[in-house]
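# Observations on the three-dimensional arrangement
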Amino acid sequence: MNATEINKTVEQTIEQTVTTVESIHKTLVNRFFEILERMEALRNPVKQARELHDKATGSVYSQIRKISKIVSDYVSSLLPEHAEVPKVEAHSSAAKATNTTKPVAKKATKKSTPVKQA
């Protein structure tokens, strides 16, 4: 995989994550507003709050996407077009972490040192 492909993958992953978070956010907030809108006395103020909330959060998620794109474009401009990224052996450190055999400790031997007499 070259650097451009990795950057594109990261960009797509960020977009998918933002979309997922936005969707969950909307679902939760809509339930909250629906419950409050059932109360006659709160219906109009809640409707106004919902409209304000939707505009604000829509703007926030839009800005997150724009910033992500700007960062991605900047990173792309720094990378050579077809630079190959060295493959990292992920399993080697995992194998070390899961190694259950413990080295046998050598028994310490105390060496006696002669005491010098004055």
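Just above, that's the structure.
Residues numbered from 1 in each chain as written. Predicted model: local features only at pLDDT ≥ 70, side-chain atom pairs only at ≥ 80, totals over all residues. Heavy atoms only, no water.

Turning our eyes to something else, we now look at the pattern of salt bridges. Under the definition given, this model contains seven salt bridges. Residues Glu11 and Lys69 are paired through a salt bridge, measuring 3.6 Å at the closest nitrogen-oxygen approach. Residue Glu11 is found in helix H1 (residues 3-37), and its partner Lys69 is found in helix H2 (residues 43-78); the two are separated by 58 residues along the sequence. Taking the relative accessible area as the measure of exposure, Glu11 reaches 17% and is therefore buried. Linking Glu37 and Arg50 is a salt bridge whose minimum nitrogen-to-oxygen distance equals 3.2 Å. Residue Glu37 is located in helix H1, and its partner Arg50 is located in helix H2; the two are separated by 13 residues in the primary sequence. (Salt bridge = Lys/Arg side-chain N within 4 Å of Asp/Glu carboxyl O. Helix = DSSP H or I, 4+ residues; strand = E, 2+ residues; numbered from the N terminus. Buried < 20%, exposed > 50% of the residue type's maximum accessible area, 1.4 Å probe, protein only.)

Tracing the backbone shows Asn30 in helix H1. Judged by relative accessible area, Asn30 falls into the partly exposed class, the value being 28%. In this structure the C-alpha to C-alpha distance between Asn30 and Arg50, which are 20 residues apart in sequence, comes to 8.4 Å.

A few words on a nonpolar patch on the surface. Taken together, the side chains of Ile67, Val71, Tyr74, Val75, Leu78 and Leu79 make up a nonpolar region of the molecular surface, amounting to roughly 550 Å² of accessible area. Tracing the backbone through its elements, the reader meets Val75 in helix H2. (Patch = residues over 30% accessible without salt bridge, like charges linked within 9 Å, V, L, I, M, F, W, Y side chains within 5 Å. Areas by Shrake-Rupley, 256 points an atom, 1.4 Å probe, with all protein chains shown as cover.)

Relative to the assigned elements, Phe32 resides in helix H1. Between the C-alpha atoms of Phe32 and Arg50, which are 18 residues apart in sequence, the distance is 9.8 Å.

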